[in-house]
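# Architecture and fold: a report
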Amino acid sequence: MMMTQTELIKHLTTTFGKTKVNKLKAILIEQGLPLRDLIDLTFYPNKTIAFRAAWLLENLILSNPLACLTEIDYLLTQFTKVNYSSCQRHYAKIIMHLTSPKIHPLVKEQLQNKNLKPIIEQYFDWMIAPKVLIAVKVFSAEALFNLRYRYPWIAQELTNQLQFLMINGSAAIQSRGKKILNALKAGD
């Protein structure tokens, strides 16, 4: 029997940690829940439930990227609508992984014909916005780096943005920024 969105909401309202995320992920994989329903929960009015749904979504997709193939259009459309800061982190990480050169070939193929410009714009907006969490900025930079061959203009814009962020940036942005800038200079 398939878990319903209502049943999942009940699970998301109780004490939550990595063990619970893994347990729910296993249940969702086994019983199924339309991925669209889980994506919708990341926009739930209760920010705690939305955050937990986004955390679960990230774990589900990262453990099985093929799980998102049927809903990749919906996931990409919803990406630009994420406004809870706690959910931005998970969405930024999901797309970072989906655009990785190491992702499954079927996911690469699905993304090949998608217009990712709204995603790119959102990533740059997150990198520029002062109140966006550092983890979101770091995942954004990595995802943009992943997309630099498909959209060659990204390399220069990303270089400029990282250099600016690194002026007074945190240790995380300094570390990732140096790594990405060195890779861009090397032509990796």
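Residues numbered from 1 in each chain as written. Predicted model: local features only at pLDDT ≥ 70, side-chain atom pairs only at ≥ 80, totals over all residues. Heavy atoms only, no water.

## Observations regarding the overall build of the protein chain
Summing up its helical and strand segments, the protein chain has 11 helices and zero strands in all. The secondary structure elements of the protein chain, listed N-terminal to C-terminal, are α-α-α-α-α-α-α-α-α-α-α. Over its C-alpha atoms the protein chain spans a radius of gyration of 17 Å, differing by no more than 12% from the 16 Å that the globule rule assigns to 188 residues. Structurally, the protein chain occupies a C-alpha span of about 55 × 35 × 25 Å along its principal axes. Sequence-distant contacts, at least 24 apart, represent 71% of the contacts inside the protein chain between residues at least 6 apart. Accessible surface, the protein chain as shown: approximately 9700 Å² in total, 55% of it carbon and sulfur. (Helix = DSSP H or I, 4+ residues; strand = E, 2+ residues; numbered from the N terminus. Rg over C-alpha atoms; globule rule 2.2 N^0.38 Å. Contact = heavy atoms within 4.5 Å. Areas by Shrake-Rupley, 256 points an atom, 1.4 Å probe, with all protein chains shown as cover.)

## Re the packing of aromatic side chains
Aromatic ring pairs are described here by two measures, namely the spacing of the ring centres and the angle between the planes. Per the counting criterion, the structure on display carries seven aromatic pairs. Here Phe 79 and Trp 126 contribute two aromatic rings whose centre-to-centre distance is 5.1 Å and whose plane-to-plane angle is 55°, an arrangement assigned as tilted. Residue Phe 79 is found in helix H5 (residues 72-79), and its partner Trp 126 is found in helix H8 (residues 117-128); the two are separated by 47 residues along the sequence. We note that Phe 79, like Trp 126, is buried. Chaining the aromatic ring pairs together yields one cluster made of Phe 43, Phe 79, Tyr 91, Tyr 123 and Trp 126. (Phe/Tyr/Trp six-rings, centres within 6.5 Å; stacked < 30°, edge-to-face > 60°. Buried < 20%, exposed > 50% of the residue type's maximum accessible area, 1.4 Å probe, protein only.)

## Here we look at the pattern of salt bridges
Under the defined criterion, the tally for this structure stands at four salt bridges. Among the salt bridges present, the one from Arg 36 reaches Glu 71, with a minimum N-O distance of 3.1 Å. With Arg 36 in helix H3 (residues 35-41) and Glu 71 in the loop between helix H4 (47-63) and H5, this residue pair connects regions lying 35 residues apart in the sequence. Note that Arg 176 and Glu 142 form a salt bridge whose closest N and O atoms lie 3.1 Å from each other. One end of the pair, Arg 176, is in helix H11 (residues 171-186); the other, Glu 142, is in helix H9 (residues 134-146), and 34 residues separate them in sequence. (Salt bridge = Lys/Arg side-chain N within 4 Å of Asp/Glu carboxyl O.)

## Looking at the environment of Leu 35
Turning to its location among the elements, Leu 35 is positioned in helix H3. Judged by its relative accessible area of 8%, Leu 35 falls in the buried class. Once the C-alpha coordinates of Leu 35 and Leu 56 are considered, the two residues, 21 residues apart in sequence, prove to be 11 Å apart. The residues contacting Leu 35, other than those within four sequence positions of it, are Leu 57, Leu 60, Ile 61, Ala 67, Cys 68 and Glu 71.

Scope: geometric values only; no functional claims are made or implied.
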